[in-house]
Amino acid sequence: MSLFANPQYRWRETYSVLFREADRPAAAALRKTLEGLEGYRVTDVTTDAGGQVESMTVIAPADFAGMDLSFVSGEDVQEQIAELKLERKSTPLSKKEQVKLQRLIECDARFDVFHFEQVVGDDSTEDDEYIDPGSLISMLKCLAQLCRGVGVDPQTGALL
């Protein structure tokens, strides 16, 4: 079950990891890698017929966070890459950013990572008192390494 349907969690932000579909990991490998991160719990894994990840939920209780992961391919990915390249044309890029931008040309798939805050106490407040982005950052790095991909903050266009 997605965290969107869980009243104990509130959606905060969405990030992406773009990669070549040929580098899409098997669900078992991704699960093992994520569960190797301290305190992570992986649930609700769905796969395609080949055993590759379609979606999963990752809970990081120590950070008061949860993440839904969802696989996307096709036209949406190509549109996002075109937008990222267009946005980056007008700004100076570091060598590291240039390498990442060049790698995007080969990408044809992505994982969307929906970051959720665990609601603690009165859920009417909107402050970030409890949420720690550490689990999100760790997951993005892990996914990017496993998929040989590039993490993206879609709100800012930053390449991670």
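These lines cover the structure that appears in this document, whether it is placed above or below. Source: prediction; values computed, not measured.

## Here we look at the overall build of the chain
Scanning the chain from terminus to terminus reveals four helices and seven strands. Tracing the chain from N to C terminus, the helices and strands come up as β-α-β-β-β-α-α-β-α-β-β. Over its C-alpha atoms the chain spans a radius of gyration of 16 Å, differing by no more than 12% from the 15 Å that the globule rule assigns to 160 residues. In terms of overall dimensions, the chain has a C-alpha envelope of 45 × 40 × 25 Å along the principal axes.

## So, the environment of L18
Checked against the element boundaries, L18 lands in strand β1 (residues 9-19). L18 gets classed as buried once you look at its relative accessible area, which sits at 0%. The sequence separation of L18 and L69 amounts to 51 residues, and the corresponding C-alpha distance is 13 Å. Apart from the residues lying within four places of it in its own chain, the contact partners of L18 are V77, Q80, I81, L84, L104, C107, A109, R110, G149, V150 and V152.

## Observations concerning the state of the cysteines
A complete count under the given rule lists zero disulfides for this structure. C107 forms no disulfide, and the closest cysteine sulfur to it belongs to C147, at a distance of 9.7 Å. With a relative accessible area of 4%, C107 lands in the buried category.

## What to know about the side chain of R24
Among the structural elements, R24 can be located in the loop between β1 and α1 (27-35). In contact with R24, other than residues within four places in its own chain, are F19, D48, Q52, V53, E54, F71 and F111.

## A look at the packing of helix α2 (residues 75-89) against helix α3 (residues 95-104)
Where α2 meets α3, the axes come as close as 10 Å, and the angle between the chain directions of the two elements is 150°. In terms of orientation, α2 and α3 fall into the roughly antiparallel class. In the crossing of α2 with α3, the sense of the turn from one axis to the other is left-handed. Here I81, L84, K85 and R88 of α2 lie close against α3, whose contacting residues are E97, L101 and L104.

## Notes on helix α4 (residues 134-147)
The first and last C-alpha atoms of α4 sit 20 Å apart over 14 residues, in line with the 20 Å expected at 1.5 Å per residue. Regarding α4, the residues found buried are S135, L136, M139, L140, C142, L143, A144 and C147. A positive phi of about 55° marks R148, the residue just after α4.

## Some thoughts on the pattern of salt bridges
Under the criterion given, the structure shown has nine salt bridges. Where R20 meets D23, a salt bridge forms, and the shortest distance between an N and an O atom there is 3.2 Å. Among the residues examined, R20 registers a relative accessible area of 35% and is labelled partly exposed. Salt-bridge contacts for R24 lead to D48; the nearest nitrogen and oxygen are separated by 3.5 Å. Taken as a pair, R24 in the loop between β1 and α1 and D48 in the loop between β2 (41-47) and β3 (53-60) lie far apart in primary sequence, 24 residues in all. With a relative accessible area of 7%, R24 lands in the buried category.

Rules behind the numbers
- Numbering of residues begins from 1 in every chain and follows the order in which that chain's sequence is written.
- The model is predicted, so local features are restricted to residues of pLDDT at least 70 and side-chain atom pairs to those at 80 or more, both for listing and for counting; the totals for chains, interfaces and linings are taken over all residues.
- Hydrogens and waters are ignored; side-chain quantities use all the structure's heavy atoms.
- Every helix listed is a DSSP run of H or I at least four residues long, and every strand listed is a run of E at least two residues long, numbered separately from the N terminus.
- Only the C-alpha atoms count toward the radius of gyration. The rule for a globule is 2.2 Å times the residue count to the power 0.38.
- For each residue, the accessible area found with a 1.4 Å probe, counting protein chains only, is set against the maximum for its type, and the residue is called buried under 20%, exposed over 50%, and partly exposed in between.
- Contact definition: two residues touch when any of their heavy atoms are within 4.5 Å.
- Cysteine sulfur atoms are paired as a disulfide whenever they come within 2.5 Å of each other.
- Every angle, taken between N-to-C directions, lies between 0 and 180 degrees, and every axis is a line fitted to C-alpha atoms, over only the stretch in contact when it is a helix.
- Reported orientations rely on four angle classes, namely roughly parallel under 35 degrees, roughly antiparallel over 145, roughly perpendicular from 65 to 115, and oblique for the rest.
- Should the near helix be turned counterclockwise from the far one by less than a right angle, the crossing is left-handed, whereas a clockwise turn marks it as right-handed.
- Multiply 1.5 Å by the residue count of a helix minus one, and that product is the helix's expected span.
- Any carboxyl oxygen of Asp or Glu within 4 Å of a side-chain nitrogen of Lys or Arg constitutes a salt bridge here.

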